Amino acid sequence: MATLYLVATPIGNLDDFSTRAVKTLQSVDQIACEDTRTSGVLLQHYQIKKPTFSFHQHNEHQKVVHIMNLLNGGLNIAIISDAGMPGISDPGFLAVRAAHQNGHTVTAIPGPDAATTAVAASGLPCDRYVYEGFLPPKKGRQTRIEAISESEVTTVVYESPHKLIRFLEKLHEFAGDERWVCVARELTKKFEEVDRGQLGSLLPRWKEKPSIKGELVVVVSGKGYSE
Ligand code: SAM
């Protein structure tokens, strides 16, 4: 029996990589990376010299078999993604499930993830929240946005910068001017921005921007929340 480690990596700021994460990557036999070149920067920065192989959404099924063969052969394997916690809107789930099913130990090394960081910084209720991740690009998208507008609890959405305005406009249609929202952009990075407000004022503010760049999370308050 062997161990499969899920190791959280920084979402922008290399200093957020934990000592335990470094020690874990130094101790395993091989590292499965979402993108070996992206992770190469991190591994080089922390002088981690281990064999790596790619493990991304397009080869996930095939590579799960490979990871199981390695674990069955007694090798300890770590999974890392480009940013944040593997398995959270990133490859990981299939390998973790297979490792459990095959009787291996699974250990997650906690660290940064964009959703928790955004909801904590949002100043919106975070005693209960729903993680929506990415919305479907087309089919079912409107239904999900309508459901978010009806939710009694805070919702966390991963959105791409070029779709942000369309998302906020659709949400505005369902949820109205009063709904509290927070857009958390470029978290932990140089141009970090945490902008919160009611849709009636936040949406025009974001529409005025000449361009929206970087990575972002939208936190939407539950229906009925007021301050
Ligand atoms: N596994 C990651 C995690 O634990 O958060 C999520 C990976 S998902 C493919 C990438 C999305 O996470 C981005 O499109 C964005 O919505 C969000 N994200 C990642 N890094 C971010 C950052 N520094 N600031 C804001 N959002 C970020």
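Residues numbered from 1 in each chain as written. Predicted model: local features only at pLDDT ≥ 70, side-chain atom pairs only at ≥ 80, totals over all residues. Heavy atoms only, no water.

Time to look at the nonpolar core. Within the largest apolar cluster, 19 residues are counted, with the highest numbers of intra-cluster contacts made by Leu164, Phe167, Leu168, Leu171, Val181, Val218 and Val220. Counting residues per element, the ones that place at least two in this core are α6 (141–150), α7 (164–175), β8 (180–185), α8 (199–207) and β10 (216–220). Ranked by residue count, the leading element in this core is α7, at five residues. One finds Leu6, Val64, Met68 and Leu94 within the second-largest nonpolar core, a separate group that totals 18 residues. (Core = buried A, V, L, I, M, F, W, Y, C linked by side-chain atoms within 4.5 Å. Buried < 20%, exposed > 50% of the residue type's maximum accessible area, 1.4 Å probe, protein only. Helix = DSSP H or I, 4+ residues; strand = E, 2+ residues; numbered from the N terminus.)

The next point concerns the sheet that holds strand β3 (residues 52–54). Spatial strand order, β3-β2-β4-β1-β5: five strands in an open sheet with parallel pairing. Where the open sheet ends on each side, the last strands, each with one partner, are β3 and β5 (105–109). Averaged over all neighbouring strand pairs, the angle between strand axes comes to 25°, with direction disregarded. Sheet topology note: the strand β1 (residues 3–7)/strand β4 (residues 77–80) ladder contains three bridges and is parallel. Considered in β4, the bridge of Leu6 is made with Ile79. Contacts from helix α1 (residues 19–27) reach β1, β2 (30–33), β4 and β5 within the one sheet, and its direction differs from that of β5 by about 140°. Lying over the sheet, helix α3 (residues 60–72) contacts β1, β2, β3 and β4, oriented at roughly 155° with respect to β3. (Pairing = 2+ DSSP bridges. Axes fitted to C-alpha atoms, helices over the stretch in contact; angles between N-to-C directions. Contact = heavy atoms within 4.5 Å.)

Fair warning: the whole summary comes from geometry, so function is off the table for now.
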